Amino acid sequence: MKKRVEKVVKEKAAGNVGVEEESSKTAGLNIQEKCPVQRIDDYQCSGSLEMDFPELCSLLGMREIPAVTPRPPASVTPTTERGNMEESQSQMGAGIATTKWCPKPRLQVELESEDPRSIKEVRVFGWKVDELMARVLNKTLPALSNLQNLHLWRAGLTGRTLTSLKNTISLCSNLRTVVLEGNPLPEQSYHLLISEDSMLTHVSLRNNRIGEEGARLIGSALSTAYSANKNLLSLNLAFNSIGDPGAAHIAQGLRLNRSLLCLSLANNHIGDTGASRLAEVLGPFALTHDEVVERRRLLLRRDQSPSQADSKCERPLSIPSSSSLERNVSKGAKVASKKKDTPKKDEKQAANQTGGVAGKKEEPKLAKKASDTKVPRGKGGKSGGKEKRPSVLDQEEKTNAAQNKSAELVEIVSPLLEPGVQHTGGRVILPGNTALTSLNLAGNRLSEQSLLLFLSSVGAQTEGGGLLRLCVNRNRFPPDCDSFLKIKELMSLRDPLNKTASAQVDEEQGQAA
């Protein structure tokens, strides 16, 4: 009996130990599953915002975590009013639809497909993005490989959070559109979004109380005599307080910017003074002292680059190629000297010496002689004289192509080297900005005086470029004034959409007939 009791006690003890071991293992697994990391920097995003966003918010100790709310893609309807440029630019081609108000913060996302990792747009509407939330976005948004648009409306940004947002945008490989509206900043540091290294193509900064200082920073970001933004296509600055001084700064930025196509300055308290600076940029204008100095530097660099490239490519084509050929020939001569007579060896050495002297005196001419006269000698040694000749030609073609590319890059990068520069009265006159195709100045304080300036500048632009749309509605001039009617007529002739519409009408009339 005692033995049986002892066996039962031992079995129970062993069973309890096994249960404890299994429970400890499962508890450890549950702890690892629930808390895989303790720091936000150690978290590896999976690309699914619905999973990563709440996890990162909980790691930072946030109590209220905005819900990630996907919605179906919005349908974009074309604008029906021909003169309304503001609506089309505010949408920025992103298909922005009317969003229903929600009292609780939520992160709205738009999916390109049913895959939760196919998020192409992220929207923040009406709730504050503080520094903690900026850290979460800095971690999650770059993991969204398909993200193209970012929309923040009344997000309560500060200078620090905007700087963090700028760093986040630079990490998003496919993000090209940023809408930042209703976020006034005392620092007026919106220019960070359109710096020279920015890859954004569409930026909207409506209703941010941008004043003269903010416009100055934005104008410097667009272009200076030494740098320029080369990727931004459309910029919406409507419903701010830029005024005449700010419009002058924007016009200064348009002088050497050749990438911006659409600009909206609607409802910005701009009068005739600021409008005259904008009109001046559209036509030929005189370069400033700094611009003239920079132009001379670029011309000098462009003129020196071909000669330096020629000197660099002449040396490897003359000295190394001739010396290598001479070595091959001399080796062949030494081998032949063992089998042939000594007079032939002396003749070959004399020929090599004369060739070496000529190479020292006339290095440029030796390249052609080495390729023409010394190649047949390589037949005796079978050293590959025929094989080196194509390589020399290929090298010449590569160097010439590199020179042409470098010259083209210098010309493309700086508008100071544009053709058509004129020198009159001791001034350097540059052709106006013909890259800008759409300018919206509706709802300002322009009079008929400004219309005359725009009519003169736009009329001087050639058919190959220049404004296609100029919106000056709701300003301080009568709608039936002669200058306004002429501008409307001129724009209707240039507007490609108007041409297609008239062609469709003519086609329909022809079919009806």
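Our structure's up above, just so we're on the same page.
What counts, and where the lines are drawn
Residues numbered from 1 in each chain as written. Predicted model: local features only at pLDDT ≥ 70, side-chain atom pairs only at ≥ 80, totals over all residues. Heavy atoms only, no water. Core = buried A, V, L, I, M, F, W, Y, C linked by side-chain atoms within 4.5 Å. Buried < 20%, exposed > 50% of the residue type's maximum accessible area, 1.4 Å probe, protein only. Helix = DSSP H or I, 4+ residues; strand = E, 2+ residues; numbered from the N terminus. Contact = heavy atoms within 4.5 Å. Pairing = 2+ DSSP bridges. Phe/Tyr/Trp six-rings, centres within 6.5 Å; stacked < 30°, edge-to-face > 60°. Expected span 1.5 Å × (residues − 1). Salt bridge = Lys/Arg side-chain N within 4 Å of Asp/Glu carboxyl O. Axes fitted to C-alpha atoms, helices over the stretch in contact; angles between N-to-C directions. Left-handed = near helix turned anticlockwise from the far one by under 90°. Nonpolar A, V, L, I, M, F, W, Y, C, P; charged D, E, K, R; others polar. Arc of directions from axis to C-beta.

This part covers the nonpolar core. Ranked by size, the top nonpolar core spans 78 residues in total, and within it Val 122, Leu 205, Leu 235, Leu 237, Leu 263 and Phe 454 carry the most contacts. Looking at this core element by element, the count peaks at 5 residues for helix 8 (residues 272-282). Contact partners of Phe 454, with chain neighbours within four places excluded, come to Ala 275, Leu 278, Ala 279, Leu 282, Leu 439, Leu 441, Leu 446, Gly 459, Leu 470 and Ile 487. Counting 10 residues, the second largest nonpolar core, distinct from the first, contains Leu 256, Val 292, Leu 416 and Val 421.

This paragraph deals with the sheet that holds strand 9 (residues 285-286). Pairing is antiparallel across the open sheet formed by 3 strands, whose spatial order is 9-11-10. For this open sheet the edge positions go to strand 9 and strand 10 (422-424), each flanked by a neighbour on one side alone. In terms of strand pairing, strand 10 meets strand 11 (residues 427-430) through 3 bridges, oriented antiparallel. Its bridge partner lying in strand 11, Gln 422 is registered against Ile 429.

Moving on to the packing of aromatic side chains. Per the counting criterion, the structure on display carries 2 aromatic pairs. Each ring, one from Phe 125 and one from Trp 153, has its centre 6.2 Å from the other, and the planes form 45°; the classification is tilted. Highlighted residues: Phe 125 in strand 3 (residues 119-125) and Trp 153 in strand 4 (residues 149-153), separated in sequence by 28 residues. Residues Phe 477 and Phe 484 carry aromatic rings whose centres are separated by 5.2 Å and whose planes lie at 50° to one another, so their mutual orientation is tilted. For Phe 477, a relative accessible area of 10% puts it in the buried group. Residue classification places Phe 484 among the buried residues on the basis of a relative accessible area of 7%.

Once that is clear, we can look at the pairing of strand 3. Among the 7 residues in strand 3, 5 count as buried, and that is most of the element. Looking at chain direction, strand 2 (residues 106-111) and strand 3 are connected through 5 bridges and run antiparallel. Considered in strand 3, the bridge of Val 109 is made with Val 122. As paired elements, strand 3 and strand 4 share 5 bridges and run parallel to each other. What sits directly across from Arg 123, in strand 4, is His 151.

The next point concerns helix 5 (residues 159-171). Relative to the 18 Å expected for 13 residues at 1.5 Å per residue, helix 5 spans 19 Å between its end C-alpha atoms, a close match to the ideal helical length. Listed as buried for helix 5 are Gly 159, Thr 161, Leu 162, Leu 165, Thr 168 and Ile 169. Residues of helix 5 that are buried make contact with helix 4 (131-140), strand 4 and strand 5 (177-181).

Moving on to the pattern of salt bridges. Pairs can form between side chains of opposite charge once their charged atoms are near each other. Inspection of every chain in the model, using the stated rule, returns 13 salt bridges. Between Glu 418 and Arg 258 there is a salt bridge, with the nearest N and O atoms lying 2.9 Å from each other. With a gap of 160 residues between them, Glu 418 in the loop between helix 13 (385-413) and strand 10 and Arg 258 in the loop between helix 7 (243-254) and strand 8 (262-264) connect regions that are remote in the sequence. On the accessibility criterion, Arg 258 (25% relative accessible area) is partly exposed. Taken together, the shared-partner salt bridges in this structure form one network comprising Glu 110, Lys 120, Glu 121 and Arg 123.

Moving on, we come to the packing of helix 2 (residues 49-59) against helix 4. Remark: helix 2 packs on helix 4, axes separated minimally by 10 Å, with the N-to-C direction vectors making an angle of 145°. Crossing of helix 2 against helix 4: the hand is right-handed. On the side of helix 2, the interface is formed by Leu 49, Asp 52, Phe 53, Leu 56 and Cys 57, while helix 4 contributes Met 133, Val 136, Leu 137, Lys 139 and Thr 140. Considered class by class, the residues forming the contact of helix 2 with helix 4 number 7 nonpolar, 1 polar and 2 charged.

In spatial order, the strands read 1-2-3-4-5-6-7-8-12-13; together these 10 strands make up an open sheet with mixed pairing. The open sheet has two edge strands, strand 1 (67-71) and strand 13 (469-471), and neither has a second partner. Geometrically, the sheet is characterised by an average inter-axis angle of 10° between neighbouring strands, direction not taken into account. Pairing between strand 7 (residues 234-236) and strand 8: 3 bridges, direction parallel. Residue Leu 235 lies in a different strand from strand 8, and its bridge partner there is Leu 263.

For Phe 239, which is not a glycine, the phi torsion comes out positive at approximately 60°. Looking at the secondary structure, you find Phe 239 in the loop between strand 7 and helix 7. With relative accessibility at 39%, the residue Phe 239 sits in the partly exposed group.

Restricting attention to buried positions, one finds in helix 4 the residues Met 133, Ala 134, Val 136, Leu 137 and Thr 140. For helix 4, the angular spread of buried residues about the axis comes to 160°, placing them on one side. The inward-facing, buried residues of helix 4 abut helix 2 and helix 5.

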